[in-house]
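# Fold and geometry: a report
Below are the chains, spelled out letter by letter.
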Amino acid sequence: MINLTEAFKQHIFNSTKDRRLNGVCPAVQLDVTTTGCSGLAYKFEYVERAECGPTFVVTPKAEAVLAGATIDYVHEGLSSGIKITNPNESSRCGCGESFNV
C-alpha cells in the first residue's frame, strides 16, 4: 500500500483539472525507471485516458518498489515539490536523483 497525503492529493487534483478537455480524462502516472548512478528513479508523467477515474495512477513496477511508502507535497522555504519517503530504499546517489532497493 502507498500512502498519499492530503496535500499530495490536492496537488494532483489541481494539476489535472485544467487538462480536462474534449472528453479526455488526464491523470498523473508514477513509474520507476532504470537510470542514474544508483539504478532507479521515480518518473511522473501526464497520461490521457478514455475513461475518467482516479487522477493518480501507479504502474505495477512502481507499486512493488513503493510498498509502504508515503508520497507528500511539501513547501520548504521558497520551494515546493513532491517528497517520497520510501522505506524500501537501501541507498541513494549523492545528487539525490536515483536510488536502489
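Residues numbered from 1 in each chain as written. Predicted model: local features only at pLDDT ≥ 70, side-chain atom pairs only at ≥ 80, totals over all residues. Heavy atoms only, no water.

## A few points about the sheet that holds strand S1 (residues 3-4)
A sheet is described by the order of its strands in space; here three strands give the open sequence S1-S5-S6, paired in mixed fashion. At either margin of the open sheet sits one strand with a lone partner, and together these are S1 and strand S6 (79-85). Its contacts with the sheet put helix H1 (residues 6-17) on S1, strand S5 (70-76) and S6, and the angle it makes with S5 is roughly 80°. (Pairing = 2+ DSSP bridges. Helix = DSSP H or I, 4+ residues; strand = E, 2+ residues; numbered from the N terminus. Contact = heavy atoms within 4.5 Å. Axes fitted to C-alpha atoms, helices over the stretch in contact; angles between N-to-C directions.)

## Some words on the packing of aromatic side chains
Under the criterion given, the structure shown has two aromatic pairs. Ring geometry for Phe8 against Phe56: centres 5.0 Å apart, planes inclined by 85°, an arrangement best described as edge-to-face. With Phe8 in helix H1 and Phe56 in strand S4 (residues 56-58), the pair connects residues that are 48 residues apart, well separated along the chain. A single burial state applies to Phe8 and to Phe56, both of which are buried. Both rings, one in Tyr42 and one in Phe99, keep their centres 4.4 Å apart while their planes meet at 25°; by these two values the pair is stacked. Here Tyr42, found in strand S3 (residues 39-49), pairs with Phe99, found in strand S8 (residues 99-100); they are 57 residues apart in sequence, far enough to count as distant. Phe99 shares its class with Tyr42; the two are buried. (Phe/Tyr/Trp six-rings, centres within 6.5 Å; stacked < 30°, edge-to-face > 60°. Buried < 20%, exposed > 50% of the residue type's maximum accessible area, 1.4 Å probe, protein only.)

## Topic: the environment of Ser79
As for its position among the elements, Ser79 is in strand S6. Considered as a pair, Ser79 and Ala41 are 38 residues apart in the sequence and their alpha carbons are 21 Å apart.

## Things to note about the environment of His75
Along the chain, the position of His75 falls in strand S5. Between the alpha carbons of His75 and Ala7 there is a distance of 9.9 Å; along the sequence they are 68 residues apart.

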